[in-house]
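Each chain, written out:
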Amino acid sequence: MRKLLFKNLLSPPLTEPAPEADDLALAQLARSFDDAARRALGRSLSIRHVDAGSCNGCELEIHALSNVFYDLERFGLRFVASPRHADVLLVTGPVTHNMREALARTYNATPSPKWVVSVGTCALDGGIFADSYACVGGVSKIVPVDLHIRGCPPSPMALLQGLIALVERSASAA
Amino acid sequence: MVFISALAAKGRTIKAQRPWPRIVVDSNVWRDAAAGLASGQATLLALWSDGEAVHMGLTGKAEEGILIVSLPCPDRSFPSVAIAHPPALRLERTIRDLHGLVPRDCPDERPWLNHGRWGLEHPLGEASNGPSDGLPYAFHTAEGPPLHQIPVGPVHAGIIEPGHFRFHANGETVVRLEERLGYVHKGIDSLLRGATLDRAASLAGRISGDSTVAYALAFAQAAEAALGLAIPPRALYLRALMAELERLANHFGDIGAICNDASFSLLHAHMGALREHVLRTAHACFGHRLMMDRIVPGGVAADMTEEGGTRIRSLIATVNGTFPELVSLYDNTASLQDRTVTTGVLAAELARQYGAGGYVGRASGRSFDARRWPGYAPYGELSFDVPVREDGDVDARVWIRIEEVRQSVALVDQILAGLPSGPSMADMTRSGGARTHREGISLVEGFRGDVFAWVRLARDGRIAAAHLRDPSWFQWPLLEAAIEGNIVADFPLCNKSFNCSYSGVDV
């Protein structure tokens, strides 16, 4: 193990340079942050992920945000285990009826100020599952959504751009 | 040798199905089939309904073949299989929830996917209004003074899919675990009905996102069998290439995540980097990191890009350069081995009874691999080993993945070397046998195990009914057995070593 650690110490990092915040996301977020929230949060946001019926594709790419290439935590963003600790809910899936109540309860358990980011095509409007008896068809039908990140699934870079926009909005004047 | 062939002689053969036979039987023969499963003469491959009949897929011992047994249910009921053969239990409860066909004498009366939230009963059968505010669910109990319950989920602490785990524990020791799933039920079987081939292929690719290639391949093979369509050799090789890349990405992710659950984050970081290399290569070659919607009935939607071969060779070089060192790190770290060795042991007999596929089965002595048997092109032309271990613990499931990474790297090498030129898509207008062969089945080896697909086409070429069975149907119940007697703190480790799909079984 020592050899491996030493080798890594000498090799250049794999981490990508920070991307620009997504313009579309910045525009979407303009109305979501008031001064009080900015003072409370600064440049650090805690994220709680909720799978509300995803195929697991979005989860794989959200996972990738923590690998050495994207290294989410350098932006002041981190995933937390409980909604009680979260500022942001990151919600995937078309929202199945079987997850409806769990999503609403997770939202209610999150202290204000809080934001909801929906992730993936089916979180927007149900996507390919929209017509099913088992799906509500979109996160915004259950909880208010502040930002939507598109893609099936969105790439880690797209997720990063959206989330960086969120941090920038929370840290800077409107 | 006898069981499947003897059973096949007891029913009326449906000529419309390819490539393996389907027979229509009466309830006595249905019970014979269930008895054969119970006595170990055959393994349950799938159990599903099209709304009118129930269908059971069986494989015999060795190379005896695959047989589908169908029982029409004019009185909306059928003899329970689960009463003789427990692996059928959740499948049977699902048929009752979705289609309203009642398994007579089924040992479990509780609904499975139906949580009482759809506002509907039997959405795929004779639908009627149902509850929408949820129904209480009575968990099995373990009783006595020192025992306590730990409810977990559906929203978990990590970035994973939702499901509920109910533990009964004696201090730190798990006495009983019961899973309650169905939270991500999306009604995919109902969406498949009446869908065009293209839309159905997209839906199949979103049953379980981590296995999107395996599902798209299983669906495409079943549809092509129904259509009597031959696929160009180049497409077959490109499909196998995607399937092996998907296996590599998932195994890297799993090995890292298991180590992470034992708090060994160094390997997690390195395996995460390898996984990212695979996904970036997939994106460069096929235009999508997870290769979604790349395999379609008839061939592949995207031929490999010019630089694809070079990118893949450089990926193989990266893996060969780093993986052996990481494996020896896993092997030589005593604190890590202390967590994985003898933890979460799955008995070989249970793996056999449930017909557990993938690393779960292969770590407990079951050598089944759908690429080897029944086999499909181009694997007959490629050489690879199917690793098997007997220990059945978390460590064995890690080692199976390590071995499979080595095999997949070798396979990718062979596929690149033998990649034929020519078209990558069949001429879909030439599916001449279409009117006579309208049902197809397939069995494809995903990273997690064998994915079964059955497709029935209507006259207009749309899907009349389809069913895709995830390998996790026969792995989830085994997790309940493997965790017994382990400490609660080892559950994440055991769970990750199984890495069952939620979305795949909730469909």
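Residues numbered from 1 in each chain as written. Chains lettered and ligands numbered in written order. Predicted model: local features only at pLDDT ≥ 70, side-chain atom pairs only at ≥ 80, totals over all residues. Heavy atoms only, no water.

### Some details on the overall build of chain A
Counting its secondary structure elements, chain A contains seven helices and five strands. Seen in sequence order, chain A has helices and strands lined up from the N terminus as α-α-α-β-α-β-β-α-β-α-β-α. Summarising its shape, the C-alpha atoms of chain A cover approximately 55 × 35 × 30 Å along the three principal directions. Among the 174 residues that make up chain A, the fraction classed as buried is 57%. Within chain A, contacts between residues at least 6 apart in sequence are counted, and of these 85% link residues at least 24 apart. Element-wise, carbon and sulfur atoms account for 54% of the exposed surface of chain A, whose accessible area totals about 7,500 Å². (Helix = DSSP H or I, 4+ residues; strand = E, 2+ residues; numbered from the N terminus. Buried < 20%, exposed > 50% of the residue type's maximum accessible area, 1.4 Å probe, protein only. Contact = heavy atoms within 4.5 Å. Areas by Shrake-Rupley, 256 points an atom, 1.4 Å probe, with all protein chains shown as cover.)

### Re the sheet that holds strand 13 (residues 173–180) of chain B
Residues and elements named next belong to chain B. Here three strands make up an open sheet; going across it, the order is 11-12-13 and the pairing antiparallel. A single partner strand is all that each edge strand has here, and the edge strands are strand 11 (147–152) and strand 13. Looking at each pair of strands side by side, their axes are set apart by 20 degrees on average, direction ignored. Sheet topology places strand 12 (residues 164–170) next to strand 13; seven bridges connect them, and they run antiparallel. Looking at strand 13, one finds that N170 is bridged to T173. Running over the sheet, helix 15 (residues 476–483) touches strand 12 and strand 13 and is turned about 170 degrees from strand 13. (Pairing = 2+ DSSP bridges. Axes fitted to C-alpha atoms, helices over the stretch in contact; angles between N-to-C directions.)

### Observations regarding the nonpolar core
One finds B:W30, B:L58, B:F219 and B:F323 to be the most contacted residues of the largest nonpolar core, which totals 176 residues. Counting residues per element, this core draws most heavily on helix 7 (residues 233–261) of chain B, at 14 residues. Lining this core are residues from two domains, each supplying at least three of them: domain 1 (3–126) and domain 2 (212–474) of chain B. Among the nonpolar cores identified, the runner-up in size contains 29 residues, and A:L45, A:Y70, A:V88 and A:L90 belong to it. (Core = buried A, V, L, I, M, F, W, Y, C linked by side-chain atoms within 4.5 Å. Domains from an automatic or database assignment.)

### Considerations on the interface of chain A and chain B
If you look at the interface, chain A gives 50 residues, while chain B gives 54 residues. Summing the contributions of chain A and of chain B, the shared interface buries around 4,100 Å²; its carbon and sulfur component is 61%. Sorting the residues of chain A by area buried against chain B places A:N98, A:I128 and A:Y133 first, and these three jointly supply 20% of that buried surface. Here chain A is connected to chain B by four salt bridges. A salt bridge links B:R117 to A:E101, with the shortest nitrogen-to-oxygen separation between them at 2.4 Å. If you look at where chain A meets chain B, you find 25 residue pairs in polar contact (both at pLDDT 80 or more). (Buried area = accessible area lost by both parts, 1.4 Å probe. Salt bridge = Lys/Arg side-chain N within 4 Å of Asp/Glu carboxyl O. Polar contact = N/O pair within 3.5 Å; in protein donor to acceptor, adjacent residues only side chain to side chain.)

### Structural notes on the side chain of B:S497
All names here are of chain B. Along the chain, the position of S497 falls in helix 16 (residues 491–498). We classify S497 as buried; its relative accessible area is 0%. Aside from chain neighbours lying at most four places away, what touches S497 is I258, Y359, V394, R397 and R401.

### Some points on the state of the cysteines
Scanning the entire structure with this criterion turns up zero disulfides over all chains. Cysteine A:C58 remains unbridged, with the sulfur of A:C122 as its closest cysteine sulfur at 6.0 Å. (Disulfide = S-S within 2.5 Å.)

### Here we look at the side chain of B:E244
Residue and element names in this part refer to chain B. Its location among the elements puts E244 in helix 7. We classify E244 as buried; its relative accessible area is 0%. Polar contacts involving the side chain of E244 include one to the side chain of Y379, which spans 2.5 Å. If near-sequence neighbours (up to four positions away) are discounted, E244 is found in contact with R371, Y379, S408, L411, V412 and I415.

### Brief notes about the sheet that holds strand 2 (residues 17–18) of chain B
Residue and element names in this part refer to chain B. Taken together, the four strands give an open sheet; going across it, the order is 2-16-17-18, and neighbouring strands pair in mixed fashion. Looking along the sheet, the strands with just one partner apiece sit at the ends: strand 2 and strand 18 (463–469). Bridge count for strand 2 against strand 16 (residues 439–445) is two bridges, and the pairing is parallel. In the strand pairing of strand 16, Q17 is matched with E439. Across the sheet, helix 6 (residues 212–227) lies against strand 2, strand 16, strand 17 (450–457) and strand 18, angled at about 150 degrees from strand 16, the strand it touches most.

### A look at unusual backbone geometry
For the bond running from A:C152 to A:P153, omega is -15 degrees, close enough to zero to count as cis. Along the polypeptide, A:P153 turns up in the loop between strand 5 (147–149) and helix 7 (156–171). In this structure, B:P374 follows B:W373 across a cis peptide bond, with omega equal to 5 degrees. Position of B:P374 relative to the elements: it lies in helix 13 (residues 371–375). Its identity is not glycine, yet B:H122 carries a phi of approximately 50 degrees, on the positive side. Taking relative accessible area as the criterion, B:H122 reaches 25% and is therefore assigned partly exposed.

### Topic: helix 16 of chain B
All names here are of chain B. Across the eight residues that make up helix 16, a large majority, seven, are buried. Regarding helix 16, the residues found buried are F491, L493, C494, N495, K496, S497 and F498. N499 sits one or two residues past helix 16 and shows a positive phi near 40 degrees.

### Some points on the pattern of salt bridges
Residues and elements named next belong to chain B. Overall, the coordinates contain 34 salt bridges over all chains when judged by the stated rule. One salt bridge in this structure joins R110 and D108, with 2.9 Å as the shortest N-O distance. Taken as a pair, R110 and D108 share a single burial class, namely buried.

### Let's talk about helix 3 (residues 89–99) of chain B
Residues and elements named next belong to chain B. In terms of burial, helix 3 is a largely internal element, 10 of the 11 residues being buried. Along helix 3, the residues classified as buried are R90, L91, E92, R93, T94, I95, R96, D97, L98 and H99. The first or second residue beyond helix 3 is G100, which carries a positive phi of 75 degrees.

### Details of the domain arrangement of chain B
Buried accessible area, meaning the area lost when the parts come together, often serves as the stated size of an interface. Residue and element names in this part refer to chain B. As assigned here, chain B comprises domain 1 (3–126) and domain 2 (212–474). For domain 1 versus domain 2, the distance between C-alpha centres works out to 27 Å. On the domain 2 side, the residues contacting the 30 residues of domain 1 number 26 residues. For the pair domain 1 and domain 2, the two sides together bury roughly 2,400 Å², of which 65% comes from carbon and sulfur. Broken down residue by residue, the surface that domain 1 buries against domain 2 is led by R18, L45 and W48, which jointly contribute 26%. Counting the contacts that link domain 1 with domain 2 gives two salt bridges. Across the pair R456 and D50 runs a salt bridge, and its minimum N-O distance is 3.0 Å. Mapped onto the side of domain 1 that touches domain 2, the elements with two or more residues apiece are strand 2, strand 4 (42–49), strand 5 (53–60), strand 6 (66–72) and helix 3. Considering each element in turn, the side of domain 1 that touches domain 2 owes the most residues, six residues, to strand 4.

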